[in-house]
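Here are the chains, one letter per residue:
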Amino acid sequence: EPEVTQTPSHQVTQMGQEVILRCVPISNHLYFYWYRQILGQKVEFLVSFYNNEISEKSEIFDDQFSVERPDGSNFTLKIRSTKLEDSAMYFCASREDRSLWEQFFGPGTRLTVL
Amino acid sequence: DAKTTQPPSMDCAEGRAANLPCNHSTISGNEYVYWYRQIHSQGPQYIIHGLKNNETNEMASLIITEDRKSSTLILPHATLRDTAVYYCIVRANTGNQFYFGTGTSLTVIP
């Protein structure tokens, strides 16, 4: 069964450093998402991406964040200058064009900012 | 944005049906009810969705009241692997994102 994959599973970085979280969505999916979950808190929407541009973003997704689909398979989230409060699980999700219902989530990347 | 109310936690005996309630009294006519679950900090997993009719798939059944103000997710024969946080989400199919609330933490007891 096809699945969304994410790398790395755990990323440790120093405050102020840039990190890139990588996702490989399901191959025939056209809509891509990033969510985050701070430990013990809700899953929060960050951004959605379609047709090579951001289609929607939340208040959390400020100028320190960016997304990119550099090739036909990867979808990345870049955090330019990490802060302690960026420590969280980051989930990538994708959905198929014709299917309006189901977003498939990846296993997540745990980001720890020291 | 959290338009649903769920009990914070529930227990269920292994092999019995787990019935997870959700109140969504302000649901609009074009909003669907979705259920996802999250097993121990893994990525959320889609379970089922519906608009007004009851739905069933290989994982669960969804019962939506006639006035659509509440629904129940039924796991017919709960197993230990069903221990997870279950999220009830209402959303119109015009939007992109899912708003996850705090969900119900279901513990299946041996």
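Everything that follows concerns the structure shown earlier in this document.
In this report, we go over the structure that sits alongside the text. (Residues numbered from 1 in each chain as written. Chains lettered and ligands numbered in written order. Predicted model: local features only at pLDDT ≥ 70, side-chain atom pairs only at ≥ 80, totals over all residues. Heavy atoms only, no water.)

Topic: the sheet that holds strand E8 (residues 75-79) of chain A
All names here are of chain A. Applicable threshold: At least two bridges found by DSSP between two strands is the condition for calling them paired. By definition, any uninterrupted DSSP run of H or I lasting at least four residues is a helix, any uninterrupted run of E lasting at least two residues is a strand, and each is numbered from the N terminus. Fitting a line to C-alpha atoms yields each axis, with helices limited to the stretch in contact; the angle taken between N-to-C directions then spans 0 to 180 degrees.
With antiparallel pairing, four strands are arranged side by side in an open sheet as E1-E3-E8-E7. Here the strands that pair on one side only, and so sit at the sheet edges, are strand E1 (5-7) and strand E7 (65-68). Along the sheet, successive strands turn relative to each other by an average axial angle of 20°, direction set aside. In the sheet, E7 pairs with E8 via four bridges, with the strands oriented antiparallel.

Let's talk about the pattern of salt bridges
All names here are of chain B. The test is simple: By salt bridge we mean one thing: a side-chain nitrogen of Lys or Arg within 4 Å of a carboxyl oxygen of Asp or Glu. A 1.4 Å probe rolled over the protein chains alone gives each residue an accessible area, and that area as a share of the maximum for its type sets the label: buried under 20%, exposed over 50%, partly exposed in between.
Evaluation of the coordinates by the stated rule reveals three salt bridges over all chains. The shortest N-O distance in the salt bridge between Arg 37 and Asp 82 comes to 2.8 Å. You can see Arg 37 sitting in strand E3 (residues 31-38) and its partner Asp 82 sitting in the loop between strand E7 (70-75) and strand E8 (84-92), a full 45 residues away along the chain. An identical accessibility class is assigned to Arg 37 and Asp 82; each is buried.

Quick word on the packing of aromatic side chains
Residue and element names in this part refer to chain B. In plain terms, the rule: Note on ring pairs: Phe, Tyr and Trp rings are taken, using the six-membered ring of Trp, and paired if centres are within 6.5 Å. Classes follow the plane angle, with under 30 degrees stacked, over 60 edge-to-face and the rest tilted.
Under the definition given, this model contains 18 aromatic pairs over all chains. Ring geometry for Tyr 32 against Tyr 34: centres 6.4 Å apart, planes inclined by 45°, an arrangement best described as tilted. Classification of Tyr 32 by relative accessible area gives buried; the value is 19%. Judged by relative accessible area, Tyr 34 falls into the buried class, the value being 0%.

Notes on the interface of chain A and chain B
Quoted interface sizes are often the accessible area lost when the parts come together. As a reminder of what qualifies: The contact criterion used throughout is that any non-hydrogen atoms of two residues lie within 4.5 Å. Note: buried area is the sum, over both parts, of the accessible area (probe 1.4 Å) each one loses when the two are combined. Polar contacts here mean pairs of N or O atoms no more than 3.5 Å apart (in protein, one a potential hydrogen donor and the other a potential acceptor; neighbouring residues in sequence count only if both atoms are side-chain atoms). Amino acid classes used here: Ala, Val, Leu, Ile, Met, Phe, Trp, Tyr, Cys and Pro are nonpolar; Asp, Glu, Lys and Arg are charged; the rest, including Gly, are polar.
Facing 21 residues of chain A, the contacting portion of chain B comprises 19 residues. Surface buried jointly by chain A and chain B totals about 1700 Å² across both partners, of which 52% is contributed by carbon and sulfur atoms. The interface formed by chain A and chain B holds zero salt bridges in total. Where chain A touches chain B, the interface holds three residue pairs in polar contact (both at pLDDT 80 or more). For the side of chain A that touches chain B, the element with the highest residue contribution is strand E4 (residues 29-37) of chain A, accounting for four residues. Of the residues assigned to the side of chain A that touches chain B, the class counts are 11 nonpolar, five polar and five charged.

Concerning the pairing of strand E4 (residues 45-50) of chain B
Among the six residues in E4 of chain B, five count as buried, and that is most of the element. Joining the antiparallel neighbours E3 of chain B and E4 of chain B is a turn of six residues, in which His 40 of chain B adopts a positive phi near 40°.

What to know about the pairing of strand E6 (residues 61-64) of chain B
All names here are of chain B. By the bridge criterion, two bridges tie strand E5 (residues 55-56) to E6 in an arrangement that is antiparallel. Its bridge partner being in E6, Thr 56 is matched across the sheet by Ser 61. Hairpin connection from E5 to E6: four residues lie between these consecutive antiparallel strands. The pairing of E6 with E7 spans four bridges and is classified as antiparallel. Residue pairing for E7: Ile 63 is matched across the bridge by Thr 72.

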